[in-house]
2 protein chains.
Amino acid sequence: MDETKVGEMLSSQGKFDWLQSIRKEFKKYHKSTDKEEDDAATILQDKRHTLISTKLFLDAIHFDLTYFPLKHLGYKIVSITISDILAMNGIPTHLMIHLGVSNRFSLAAVEEIMFGVKYCCQQYKLDLIQLDVEPSCQGLVASVTAYGEVEASKKVLRDGAKENDLICVSGDLAAAYAGLLLLEREKKVFQVNPQSQPDFAGYDYLLERQLKPEPRFNIIKSLKESDIQPSAMTHVTHGLAAAAIHICRASQVGCRIFEEKLPIDILTFQTLKELNIVPTTIALNGGDDNEILFTISQSDYEKISGIKEISVIGYIKDKNSGCNLITNDEKQIPLTAQEFSPFSTTD
Amino acid sequence: MDETKVGEMLSSQGKFDWLQSIRKEFKKYHKSTDKEEDDAATILQDKRHTLISTKLFLDAIHFDLTYFPLKHLGYKIVSITISDILAMNGIPTHLMIHLGVSNRFSLAAVEEIMFGVKYCCQQYKLDLIQLDVEPSCQGLVASVTAYGEVEASKKVLRDGAKENDLICVSGDLAAAYAGLLLLEREKKVFQVNPQSQPDFAGYDYLLERQLKPEPRFNIIKSLKESDIQPSAMTHVTHGLAAAAIHICRASQVGCRIFEEKLPIDILTFQTLKELNIVPTTIALNGGDDNEILFTISQSDYEKISGIKEISVIGYIKDKNSGCNLITNDEKQIPLTAQEFSPFSTTD
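Remember, predicted model here, so these are calculated numbers, not experimental data. (Residues numbered from 1 in each chain as written. Chains lettered and ligands numbered in written order. Predicted model: local features only at pLDDT ≥ 70, side-chain atom pairs only at ≥ 80, totals over all residues.)

Caption draft 1: Spatial organisation of the pairing of strand β5 (residues 140–151) of chain B. Residue and element names in this part refer to chain B. Where burial is concerned, most of β5 is hidden: eleven out of the twelve residues are buried. Strand direction decides the pairing type here: strand β2 (residues 48–58) and β5, joined by eleven bridges, are antiparallel. Within β5, the position partnered with isoleucine 52 by the bridge is tyrosine 147. (Buried ≥ 20, exposed ≤ 12 C-beta atoms within 10 Å, placed from the backbone. Helix = DSSP H or I, 4+ residues; strand = E, 2+ residues; numbered from the N terminus. Pairing = 2+ DSSP bridges.)

Caption draft 2: Summary view of the interface of chain A and chain B. Taken together, the 72 residues of chain A in the interface contact 71 residues of chain B. Sorting elements by how many residues they give to the side of chain A that touches chain B places strand β4 (residues 127–135) of chain A first, with nine residues. Looking at side-chain class alone, the side of chain A that touches chain B contains 32 nonpolar, 23 polar and 17 charged residues. (Contact = placed C-beta atoms within 7 Å. Nonpolar A, V, L, I, M, F, W, Y, C, P; charged D, E, K, R; others polar.)

Caption draft 3: Examining the relation of the copies chain A and chain B more closely. Once turned by 180° and shifted 0.0 Å along the axis, chain A lies on chain B with an RMSD of 0.0 Å. Both chain copies can therefore be described as sitting about a two-fold axis. Taking C-alpha positions as reference, the residue of chain A nearest the rotation axis is glutamine 138 of chain A, located at 2.8 Å. Most of the interface of chain A is mirrored in chain B, where 99% of its interface residues again form contacts. (Least-squares fit on C-alpha atoms with pLDDT ≥ 70 in both.)

Caption draft 4: Highlighting the sheet that holds strand β1 (residues 41–43) of chain B. Residues and elements named next belong to chain B. Reading across the sheet, the five strands line up as β1-β2-β5-β3-β4 and stay open at both edges, with mixed pairing between neighbours. The open sheet terminates on both sides in strands that have one partner only, identified here as β1 and β4 (127–135). Looking at each pair of strands side by side, their axes are set apart by 20° on average, direction ignored. Note: strand β3 (residues 91–101) against β5, ten bridges, orientation antiparallel. Along β5, the bridge assignment pairs valine 101 with leucine 140. (Axes fitted to C-alpha atoms, helices over the stretch in contact; angles between N-to-C directions.)

Caption draft 5: Quick peek at the packing of helix α5 (residues 175–192) of chain B against helix α6 (residues 204–211) of chain B. Residue and element names in this part refer to chain B. Remark: α5 packs on α6, axes separated minimally by 7 Å, with the N-to-C direction vectors making an angle of 100°. Taken as axis vectors, α5 and α6 run roughly perpendicular relative to one another. Residues Ala175, Ala176, Ala178, Gly179, Leu180, Leu182 and Leu183 of α5 touch α6, and the partners they reach there are Tyr205, Leu206, Leu207, Arg209 and Gln210. Split by residue class, the contact of α5 with α6 holds nine nonpolar, two polar and one charged. (Parallel < 35°, antiparallel > 145°, perpendicular 65-115°, else oblique.)

The following block contains the structure:
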């Protein structure tokens, strides 16, 4: 009987191995079941595969309703969940939403969440195919399931990265986490002085990245238009380091990522500096970036450099080299992926 | 702004209409999206359809861990969720599990839940394709997604019942709820006297129906073998009345159900009588039965009477006749479907 508390495990690197040890005890009965250790689960069909993924969002763990507007929450939970389908090079098409709602919420509150869900569905042509609301004793719980498809020959898993492949990331990093830190700071100010007004002038970009992150349909579309078939791909949600380690573990390779190549917006950089936080640390280990990390063959370098919002940040090495960051002063530091979240109080 | 509390809505008949009013505001973008107001959502494909359904299970709402063994909980949440696929005349094949777990739980506790999940997967040949565990501030939360398929021509929705069709139900009713009442009674005894030992001798069947309900694969199989294509079908989870009203609303018909035909096991009947509860009330409005309600053409009567564990309990009438119970003393009483659960405390 392993009496270790779940919280200790979840805040450590051991989670993936633990979950894998449980999953290994499950037999497979259906030929249509593909390797399942990826962003989304795959169900194999003739020429295209079904992709499906669920995410669970829990009050005071994944969001803080004291400053998170319900409409934005509805948008964000959809955006993050469908990104698991995009991160397989697939297109999400259908959505299921299940909410657990305690009695402190009104019908209007649920309708606000669903307004945000609807707005994201409109933006990205998603059909809502199941919706249910259950009573909860425990604040707000949201389960979001995304369903999509990918042509069998176009599917990209985490496990295909090869030595010398280039490592690319979409958009920029650390902004969502910087936005979260600002919201947390203003929450503390408000707790001390309830008359205070939040001061977010000039920080719009950071707040938007935290409160209303966009899914990267544009990147998947650009890769297709440029005729680039990535060798490996994953969703960046718990920082770049965790995503890179995921790809390297699955592909049985190592990697070198260059600090100077990490795409960090100037506002993100300045804000984190003001808060006395090293921007590189947040880019590597902050959360909520909602970007796509992928690897491509070196022969695709010219094609990729023509696509906006993609940065080449390093390359794949052999397994024995490990996963490393090359710092601006040319030191080599092993990547680590201890997830950290500002909300970690559990009972 | 509708400031009605969610709990008031969820405990009333209005829930279905409210959810439908939200869903109506969502546009449809994909041809593959079928009518979605059924037990499972359908995604149309060439010759067979994909069926998919999620259920959310919440601590102190759907289960009480003071007496619910974790292994049984794991089994039950799978059994109930896959029944939504069976209730479309489909076969569930794949499963996704997402748990939110507070820090009062150990790794061993999660492994016990997953042991129950695994046992159900073994019994019914289900492939676990996604598993994740998140920290929670709120006890235990489980989101279960079932995936399956059905031949396009064999799919059964709620909306196909026709006048004069026979109404059939699998298994027997009210036993799971009787089991729950026994567990609740022993919990109260234990609270008063912690030295007491629970006294469940002779009640095994009722406890099993509550703690380890089986999904009705056998019924779907028997219908196929007997070459019966039901006209409408739904999952009985919140009592027979709610299920019958679901079919009648979707099919735009009415029904007559005969009290004397309701299948109630003798132990269930006697136990409920001892507890001063009218068995018919629980059969109609109790919860957790995990049975299948369906309608068939009268011409299939002979075929259906050869199948074990199916009772013909009434027939479909025109819409204007309403949904009624014909009591043993030949009174006609309208069916109502106000859900009730012994756990209704929300904050």
